[in-house]
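Next come the chains, spelled out residue by residue.
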Amino acid sequence: MHITQQNVTSTLFNKLSTHYGSQNWWPATTPFEMALGAILTQSTNWNNASKALANLEKRGLLSPSAIDEIPHGRLSIIIRPSGYYNVKATRLKAFANHICDSYGDDFESYLRRPIDVLRKELLSVKGIGKETADAIILYAGNKAIFIIDEYTKRLFSRIGQGPANEIYDHWQTFFHINVPRITEVYNEYHALIVEHCKISCNSKPKCDTCFLSGECQTGKQILSQS
Ligand code: SF4
């Protein structure tokens, strides 16, 4: 996938896309499963979250009403592989109850509303912050909103792009201005950033083997000193 907009941020998307190929996120079958995954993956990796999701699926719990009705204690045992299982059980139940209150099991209709309405409602649920809300909107709702996470800020700060602060909304606006607002592009860009940060731009960056070192401020600086 390639985009034609001419700026550093869009060009970088094309380079990452060519280098890593299609990422095919998000690995879940229904929008509600994706949304549960967005909560379960908080403070852990996808591997652990997917084990918890598999446990929920085995027990037929992948619907808002099922999560709303199951006792908290039982749910926390089922999702134990995701870590922080007591807190996450509370969050899953708050989220499911929020959906059930107005839409029952019809999560697709819930997602069909405009991004601003959806985001405001998701953020009103205890335990759903901006990153999780935006992951639900992008991957479950299939709507173009850019997710900002630690990987995104780390990579772009090192390259020398983006706001000189940590404020979520400033970073999101930066991407909304510089990358065409296309759902498939935002979906793929987030996945590519995560992939690159896992492979090269770790907390201790592997600049000597990184294919972006020639155009990255930090990479050039580190390599000139070695
Ligand atoms: S050159 Fe280094 S700092 Fe820059 S993106 Fe690559 S790994 Fe990260």
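None of these values were measured; they are calculated from a predicted model.

Draft legend 1. Broad picture of the domain arrangement of the protein. Under the domain assignment, the protein is made up of domain 1 (8-23 + 147-225) and domain 2 (31-140). Summarising the inter-unit geometry, the C-alpha centres of domain 1 and domain 2 are found 28 Å apart. Of all residues in domain 1, the largest losses of buried area upon contact with domain 2 belong to I147, Y168 and N187, amounting jointly to 52% of the total for that side. Linking domain 1 with domain 2 are 1 salt bridge. In this structure, D169 and K130 form a salt bridge, with 3.1 Å as the shortest nitrogen-oxygen distance. Linking domain 1 with domain 2 are 5 residue pairs in polar contact (both at pLDDT 80 or more). The set of elements that each furnish at least two residues to the side of domain 1 that touches domain 2 consists of α11 (168-178) and α12 (183-199).

Draft legend 2. Seen up close, helix α3 (residues 46-58). Taking 1.5 Å of rise per residue, 13 residues should cover 18 Å, and α3 covers 18 Å from first to last C-alpha, within 8% of that figure. Lining the buried residues of α3 we find α2 (31-40), α4 (64-69) and α5 (72-78). With a side-chain oxygen positioned 3.2 Å from the backbone nitrogen of N47, the residue opening α3 is N45. After α3 finishes, the residue G60 shows a positive phi value of roughly 65°.

Draft legend 3. Summary view of the side chain of Q23. The residue Q23 is located in the loop between α1 (8-20) and α2 in this model. Of the polar contacts made by the side chain of Q23, one reaches the backbone oxygen of G21; its length is 3.0 Å. Setting aside residues no more than four positions away along its own chain, Q23 makes contact with E188, A191, L192 and E195.

Draft legend 4. Molecular detail of the packing of α2 against helix α9 (residues 130-140). Contact pair α2 / α9: the axes reach a minimum separation of 9 Å and the direction vectors enclose 155°. In terms of orientation, α2 and α9 fall into the roughly antiparallel class. Two packed elements cross with a definite hand, and for α2 against α9 that hand is right-handed. Here P31, M34, A35, A38 and I39 of α2 come into contact with α9, specifically with T132, A135, I136, Y139 and A140. Of the residues in the contact of α2 with α9, the class split is 9 nonpolar, 1 polar and no charged.

Analysis parameters
- Residues numbered from 1 in each chain as written.
- Predicted model: local features only at pLDDT ≥ 70, side-chain atom pairs only at ≥ 80, totals over all residues.
- Heavy atoms only, no water.
- Domains from an automatic or database assignment.
- Buried area = accessible area lost by both parts, 1.4 Å probe.
- Salt bridge = Lys/Arg side-chain N within 4 Å of Asp/Glu carboxyl O.
- Polar contact = N/O pair within 3.5 Å; in protein donor to acceptor, adjacent residues only side chain to side chain.
- Helix = DSSP H or I, 4+ residues; strand = E, 2+ residues; numbered from the N terminus.
- Expected span 1.5 Å × (residues − 1).
- Contact = heavy atoms within 4.5 Å.
- Axes fitted to C-alpha atoms, helices over the stretch in contact; angles between N-to-C directions.
- Parallel < 35°, antiparallel > 145°, perpendicular 65-115°, else oblique.
- Left-handed = near helix turned anticlockwise from the far one by under 90°.
- Nonpolar A, V, L, I, M, F, W, Y, C, P; charged D, E, K, R; others polar.

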